[in-house]
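A structural walkthrough
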Amino acid sequence: MKILQLMSCRGWSSDAYWAARMTRELSRRGHVVTLACRAGTEARVLDRARREGVERLTTLSLASGTRPLSDSGDLRRLRALLPEVDVVHVHRGKEHWLAAMANRLIAVPRPIVRTRHIAQSVRPHAANRWLYRRTAFVVTVTDAIRQQYVAAGLVDPDRVAALPGGADTERYHPLPRDPALYANLGGRADRPLVGMIAGLRVMKGHEIVVQAAARLAARGVRPHFVFIGRGPMERAVRDAIERTGLGAQFTLAGFVDDLPAVLATLDVVLYTPLDSDGMSRVIFEYLAAGRPLIASRVGVVPEVLTDGEHAVLVPGGDGPALAAALERLLADPALATRVGQGGRRLVESRYSGARVASALETRYASLLAPGAA
């Protein structure tokens, strides 16, 4: 099959990651897949997509909002591109509308597949009803998002499916620990290393982790914590750490080049957002790397993970519960090993990029079958 993916992200988000991963995984399966990104995002998006293994890249304007000049240019470009492909897969509203309008300009419209990455409800107003009548299939990254579509009546239940996951299990897998990197991040033989990979933003729960660390310290349990990532809340996070007097127990490492190597150093990994509205790709990378995970019961977590089998689950925003889970996991190496191995098996069996791409491939084929709507 020839597949065109359209993705208007201005930065490297979960949407962009998912589009790039599926482009790469479908290409591995022998399909000709082109990822069309927003012009002007070479450093932020296209270069990252290349690092994910995407080879066929192009750009369109995909400007935010309604832009008559650039939109008409995109429509002309899509009018030329669509007859050369079998399926068009879109990821955000901008490209969804452009693809639907471009389909009206060609003799044989192509099936449009939409992935919905966020939990914000799609309103069933007249314009969206028009758009989704012209959408062959919808993919969601959680079942909760799927249920929103069904409840809104925008698509029939058999035209929307949840496909969470998509981790690159070839890149993310259990690795031997680099002792120098482990020590550089704060790990010691008598001081386990607990890590969290997330942008420094309010909803990610860094301050909940600091609260949990303070509770543990009061009980004489003092692991070292490392936060991987950057963001607008960095000053607030540093202030929270200083208020507890635990500065020596925390490393803010910023961005890292070799994330799989960093994951291999972590004795426990954390996913502690206050809420979640999307696929939470880092969960699946944690699991693929075989790391023992403590995760908040938000977003996709309760849909895919079983407490004590794939991870230790806690309520979102609950510092005392997080502290108790950390103390339990650090004191029980057998439990840590069990959930780490269980998470890896789960990703391999259900949530790898190859599995998600296989499901997409099957859906695309059904849309192209003779007699398909």
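As a starting point, this report considers the structure included with it.

Right, let's get into the overall build of the protein. Of regular secondary structure, the protein possesses 15 helices and 13 strands. Over its C-alpha trace the protein gives a radius of gyration of 22 Å, about what one expects of a compact globule, namely 21 Å for 373 residues. With the C-alpha coordinates aligned to their principal axes, the bounding extent of the protein is approximately 70 × 40 × 35 Å. Here the protein holds 373 residues, and 52% of them are scored as buried. The contacts of the protein with a sequence gap of at least 6 include a subset with a gap of at least 24, amounting to 69%. Between the mean site of the 51 positive side-chain charges and the mean site of the 36 negative ones, the protein shows a separation of 5 Å.

Now for the nonpolar core. With 43 residues, the main nonpolar core has Leu-6, Leu-78, Tyr-132, Tyr-149 and Leu-360 as its most contacted residues. Of all the elements, helix H15 (residues 353-368) adds the most residues to this core, at five residues. Setting aside residues up to four positions removed in sequence, Leu-78 forms contacts with Leu-4, Leu-6, Leu-60, Pro-83, Leu-98, Ala-99 and Ala-102. By size, the runner-up hydrophobic cluster in this structure holds 35 residues, among which are Leu-266, Val-282, Val-304 and Val-347.

Moving on, we come to the pairing of strand E3 (residues 57-60). Here E3 shows a clear split, with Thr-58 and Leu-60 buried on one side and none of Leu-57 and Thr-59 buried on the other. Bridge analysis of strand E2 (residues 32-38) against E3 gives four bridges, and the strand direction is parallel. Opposite Cys-37, over in E3, you have Thr-59 as the bridge partner. Handedness of the crossover is the feature at issue here: the chain leaves E2, passes through helix H2 (residues 42-51), returns alongside E3, and the resulting connection is right-handed.

Take unusual backbone geometry next. One non-glycine residue with positive phi stands out, namely Leu-62, at about 45 degrees. Along the chain, Leu-62 falls in the loop between E3 and helix H3 (68-81).

Along the polypeptide, His-310 turns up in the loop between helix H12 (301-304) and strand E13 (312-314). Side-chain polar atoms of His-310 contact the backbone nitrogen of Thr-306, separated by 3.0 Å. In this structure the side chain of His-310 is engaged in a polar contact, spanning 3.5 Å, whose partner is the side chain of Glu-309. Excluding its chain neighbours within four sequence positions, the residues that come into contact with His-310 are Leu-287, Val-304, Leu-305, Val-339, Gly-342, Gly-343 and Leu-346.

Scoring rules and cut-offs
- Residues numbered from 1 in each chain as written.
- Predicted model: local features only at pLDDT ≥ 70, side-chain atom pairs only at ≥ 80, totals over all residues.
- Heavy atoms only, no water.
- Helix = DSSP H or I, 4+ residues; strand = E, 2+ residues; numbered from the N terminus.
- Rg over C-alpha atoms; globule rule 2.2 N^0.38 Å.
- Buried < 20%, exposed > 50% of the residue type's maximum accessible area, 1.4 Å probe, protein only.
- Contact = heavy atoms within 4.5 Å.
- Lys, Arg positive; Asp, Glu negative; His and termini not counted.
- Charge placed at Lys NZ, Arg CZ, Asp CG, Glu CD.
- Core = buried A, V, L, I, M, F, W, Y, C linked by side-chain atoms within 4.5 Å.
- Pairing = 2+ DSSP bridges.
- Right-handed = clockwise from strand over helix to strand, strands pointing away.
- Polar contact = N/O pair within 3.5 Å; in protein donor to acceptor, adjacent residues only side chain to side chain.

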